[in-house]
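Chain by chain, the residues run as shown.
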Amino acid sequence: MNLDLGGPGPGCSSLRVRRLLAGELTGAEKERTEAHVASCARCTAVQEEIAAERETLRRDVPFPQFAAAVAEKLAHRPQRSFAGRWAPLAAAAGLALIAGTLLVRRPAETETVRSKGPASARLFVQDQRGVHELAPGEPVGEGARILLSLQPAGRKRAAAVLIEPGETSVIYEGPALNGTLPQAFEWTGSGVATLLVVLSDTKVDARSIRSAADAPPGADVLQIQLLR
Amino acid sequence: MNVRGLRVVVGGRAGELAASGTPAAAGLLAELYEKHAAAVYGRCRYLLKDDAEAKDALQDVFVKVLRALSEFRAAASPTTWILRIATHHCLNLLRARRALWRDQLRMVQGGRRQETESPDRRELVRLLLALASEEAQEIAVLYFVDELTQAEIAQETGRSLPTVRKRLREFLVCAREALGIELEGGDL
């Protein structure tokens, strides 16, 4: 029995089709490839595969998530000069690219509630100066957009609620995404508000959370104060 | 959503924020995403067979691209360059768990003996890569998946044509022994 593992065919190459669609072919090579692809079932199948890949990418990794995650990885790796060089790119794409200090509110510094385990969260703000991570004690400017980025450390579910005097607002409830959440929010209140982030292995009912004590047993709870 | 004290910006992030940033810089990342991310993600999903790992690998590949932007821009074919980076990255991940990779191949070998349904051609190539040397793995992907000719592979990798041919034959020998059947491989 023979089994065909494939390989290049006469004039056929999936990579050449990719290069054609990426605009990398010119002149006679471009014309030759276009003519071939137009009458080749195998290359047509490759085109369909490429179209399906694009749909899968947009479904699984939309650009905002992609860009935020790339920026975070750039920021976390020890190439500060490079990360600094890329700061304008990150700001332009609405990313959380900061090459310097870790600005996660650490429990020992800012929390009255424990945060056990390695799960963490970071807050980024975008204002007229660009995008930056919210520093401890830094007031949130009027009109600033706020982005919450999670590092769930294996936790499966997450919830984030904004607690203000007399009011609690659900910001997020769902899977514990690793990276920046898909929605930014704008805080229009004043004074002090607390952003409560719950990361849990079990379902979290965000609407029932009014304080850290409402989190499921064993959950990681992070509190971040917003000041204005 | 609008509630007192809070306004959620639907679809906020990159879309809105990009408008106020450096257009050229925002455009670069968006262009890289538009042109290459789908192919890279496809390659990562194909090799890793795990969507979460593939997403992570996709990000890692683009971090590498941004750190080697001048090299990327100087490449004769940016598509080929970035796919090679993706392949190399994923093969490294697979090699780190080679035992699992080989277990998957053994399941296919068992399935073939029981004459159950075989995996498709490309999946078979992925599993057979577990048996090959590091050099042969990359060359086999360029040949069987990207469908470059041996001459194109030699040019792309900087290896001689006889070396490329030798590595591909090594790959086929390993594959033939593993599956106990004759294999065909294009113009080999």
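Numbering of residues starts from 1 in every chain and runs along the sequence as written. Lettering for chains starts from A, numbering for ligands starts from 1, and both go in the order in which the items are written. Totals for whole chains, interfaces and linings use every residue, but because this is a predicted model, local features are given only for residues with pLDDT of at least 70 and side-chain atom pairs only at 80 or more, for both listing and counting. With hydrogens and water excluded, all non-hydrogen atoms of the structure serve as input to the side-chain values.

1. Some remarks on helix H3 (residues 51-67) of chain B
Residue and element names in this part refer to chain B. Secondary structure is summarised from DSSP: a helix means a run of H or I of at least four residues, a strand means a run of E of at least two, and numbering begins at the N terminus for each. To estimate how far a helix should reach, multiply one less than its number of residues by 1.5 Å. Helix length check: H3, at 17 residues, gives a terminal C-alpha distance of 24 Å against a target of 24 Å (1.5 Å per residue), a fit within 8%. Looking at H3, one finds that the buried residues are Ala54, Ala57, Leu58, Gln59, Asp60, Val61, Phe62, Val63, Val65 and Leu66. The opening residue of H3, the one whose side-chain oxygen lies 3.0 Å from the backbone nitrogen of Ala52, is Asp50. Only protein chains enter the accessibility calculation, which uses a 1.4 Å probe; a residue whose area is less than 20% of its type maximum is buried, one above 50% is exposed, and one in between is partly exposed. As used in this structure description, the phrase polar contact means that two N or O atoms lie within 3.5 Å; if the pair is within protein, one of them must be able to donate a hydrogen and the other to accept it, and residues adjacent in sequence are counted only when both atoms belong to side chains.

2. Thoughts on the packing of aromatic side chains
When two rings of Phe, Tyr or Trp (its six-membered ring) have centres within 6.5 Å they constitute a pair, described as stacked for plane angles under 30 degrees, edge-to-face for angles over 60, and tilted for the intermediate range. Scanning all chains against the criterion turns up seven aromatic pairs over all chains. For the ring pair Phe63 of chain A and Tyr33 of chain B, a centre distance of 5.2 Å and an interplane angle of 65 degrees mean the geometry is edge-to-face. Linking Phe63 of chain A in helix H4 (residues 63-76) with Tyr33 of chain B in helix H2 (residues 23-48), this pair reaches from one chain into another. Both rings, one in Phe66 of chain A and one in Tyr33 of chain B, keep their centres 5.1 Å apart while their planes meet at 45 degrees; by these two values the pair is tilted. Taken together, the residues Phe66 of chain A in helix H4 and Tyr33 of chain B in helix H2 connect one chain to another.

3. Let's talk about the pattern of salt bridges
All names here are of chain B. Note on definitions: salt bridges are taken to be side-chain nitrogens of Lys or Arg within 4 Å of carboxyl oxygens of Asp or Glu. In this structure the tally under the stated criterion is 23 salt bridges over all chains. Among the salt bridges present, the one from Arg159 reaches Glu135, with a minimum N-O distance of 2.4 Å. Taken together, the residues span a long stretch of sequence, with Arg159 in the loop between helix H9 (150-157) and helix H10 (161-179) and Glu135 in helix H8 (residues 134-145) at a distance of 24 residues. Using a relative accessible area of 26% as the deciding quantity, one classes Arg159 as partly exposed. Residue class for Glu135 comes out partly exposed when judged on its relative accessible area of 24%. Two residues, Glu135 and Arg167, come together in a salt bridge whose shortest N-O distance is 2.5 Å. Taken together, the positions of Glu135 in helix H8 and Arg167 in helix H10 put the pair 32 residues apart, joining distant regions of the chain. Each of Glu135, Arg159, Arg167 and Glu170 takes part in salt bridges that share partners, so that together they form one network.

4. Quick word on the packing of H8 of chain B against H10 of chain B
Residue and element names in this part refer to chain B. At their nearest, the axes of H8 and H10 sit 9 Å apart, and the two run at 95 degrees to each other. With respect to each other, H8 and H10 are oriented roughly perpendicular. Only Thr163, Val164, Arg167, Leu168, Phe171 and Leu172 of H10 make contact with H8, whose side of the interface consists of Glu135, Ala136, Ile139, Ala140, Tyr143 and Phe144. Polar here means any residue other than Ala, Val, Leu, Ile, Met, Phe, Trp, Tyr, Cys and Pro, which are nonpolar, and Asp, Glu, Lys and Arg, which are charged; Gly is therefore polar. Broken down by class, the residue content of the contact of H8 with H10 amounts to nine nonpolar, one polar and two charged. Fitted lines through C-alpha atoms give the axes, limited to the stretch in contact for helices. The angle between two N-to-C directions lies from 0 to 180 degrees. Comment on the angle field: the value is read as roughly parallel under 35 degrees, roughly antiparallel over 145, roughly perpendicular from 65 to 115, and oblique elsewhere. Note on definitions: a residue-residue contact is assigned when non-hydrogen atoms from the two residues lie within 4.5 Å.

5. Comments concerning the nonpolar core
Think of a nonpolar core as a cluster: buried Ala, Val, Leu, Ile, Met, Phe, Trp, Tyr and Cys residues, connected wherever their side-chain atoms sit within 4.5 Å. In this structure, Phe66 of chain A together with Leu58, Phe62, Leu128, Leu129, Phe144 and Phe171 of chain B are the most contacted members of the largest nonpolar core, which totals 68 residues. Residues contacting Phe62 of chain B, with those up to four places away along its chain left out, are Phe66 and Val70 of chain A together with Leu32, Tyr33, His36, Ala37, Val40 and Ile82 of chain B. Leu162, Ile171, Leu195 and Leu222 of chain A belong to the second largest nonpolar core, which has 26 residues in total.

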